[in-house]
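Residue-level structure breakdown
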Amino acid sequence: QDVELVLQLLSKEEFRTAHSVHSTVSRQMRRAGPTSPLTVQAQDLCQEQLMVMILRRSRLCMSVEPQILRAS
């Protein structure tokens, strides 16, 4: 039964096209390396974004909390 399902998938043009695109992208990603070390830069950027999100959330909580208390 599983073999039949796989054969049905393979017979569909849309699946073959998607598989071909996936294979091509996978091959290219394995070959391509970063032109410069991005790990530290990406880490710094992620930490900065996390801090921005934390600050926004705390400001939002501070502005919503008084409204909740007044409504109680």
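Everything below is about the structure printed above this text.
So, here's what we can say about the structure. This structure is a prediction, so every number in the text was calculated from the model and none was measured. (Residues numbered from 1 in each chain as written. Predicted model: local features only at pLDDT ≥ 70, side-chain atom pairs only at ≥ 80, totals over all residues. Heavy atoms only, no water.)

**Details of the overall build of the protein chain**
- Of the regular secondary structure elements, the protein chain holds three helices and zero strands.
- Taking all 72 residues of the protein chain together, the buried fraction comes to 1%.
- Taken as a whole, the protein chain presents about 7200 Å² of accessible surface, with 62% of it coming from carbon and sulfur. (Helix = DSSP H or I, 4+ residues; strand = E, 2+ residues; numbered from the N terminus. Buried < 20%, exposed > 50% of the residue type's maximum accessible area, 1.4 Å probe, protein only. Areas by Shrake-Rupley, 256 points an atom, 1.4 Å probe, with all protein chains shown as cover.)

**Section: the pattern of salt bridges**
- For the structure on display, the rule yields one salt bridge.
- In this structure, the salt-bridge partner of Glu13 is Arg16, at a minimum N-O distance of 2.5 Å. Taken together, the residues span about one helical turn, with Glu13 and Arg16 both in helix 2 (residues 13-31) at a distance of three residues.
- We classify Arg16 as partly exposed; its relative accessible area is 39%. (Salt bridge = Lys/Arg side-chain N within 4 Å of Asp/Glu carboxyl O.)

**Some points on the packing of helix 1 (residues 2-11) against helix 2**
- Where helix 1 meets helix 2, the closest approach of the two axes is 5 Å, and the angle between their N-to-C directions is 80 degrees. Relative to helix 2, the element helix 1 is oriented roughly perpendicular. Each of Leu9, Leu10 and Ser11 in helix 1 lies in contact with helix 2, whose residues at this interface are Glu13, Phe15 and Arg16.
- For the contact of helix 1 with helix 2, the class distribution of residues is three nonpolar, one polar and two charged. (Axes fitted to C-alpha atoms, helices over the stretch in contact; angles between N-to-C directions. Parallel < 35°, antiparallel > 145°, perpendicular 65-115°, else oblique. Contact = heavy atoms within 4.5 Å. Nonpolar A, V, L, I, M, F, W, Y, C, P; charged D, E, K, R; others polar.)

**Some points on the environment of Leu10**
- Turning to its location among the elements, Leu10 is positioned in helix 1.
- Exposure remark for Leu10: the relative accessible area of 44% places this residue in the partly exposed category.
- If we skip the residues at most four places from it in the chain, Leu10 touches Phe15 and Arg16.

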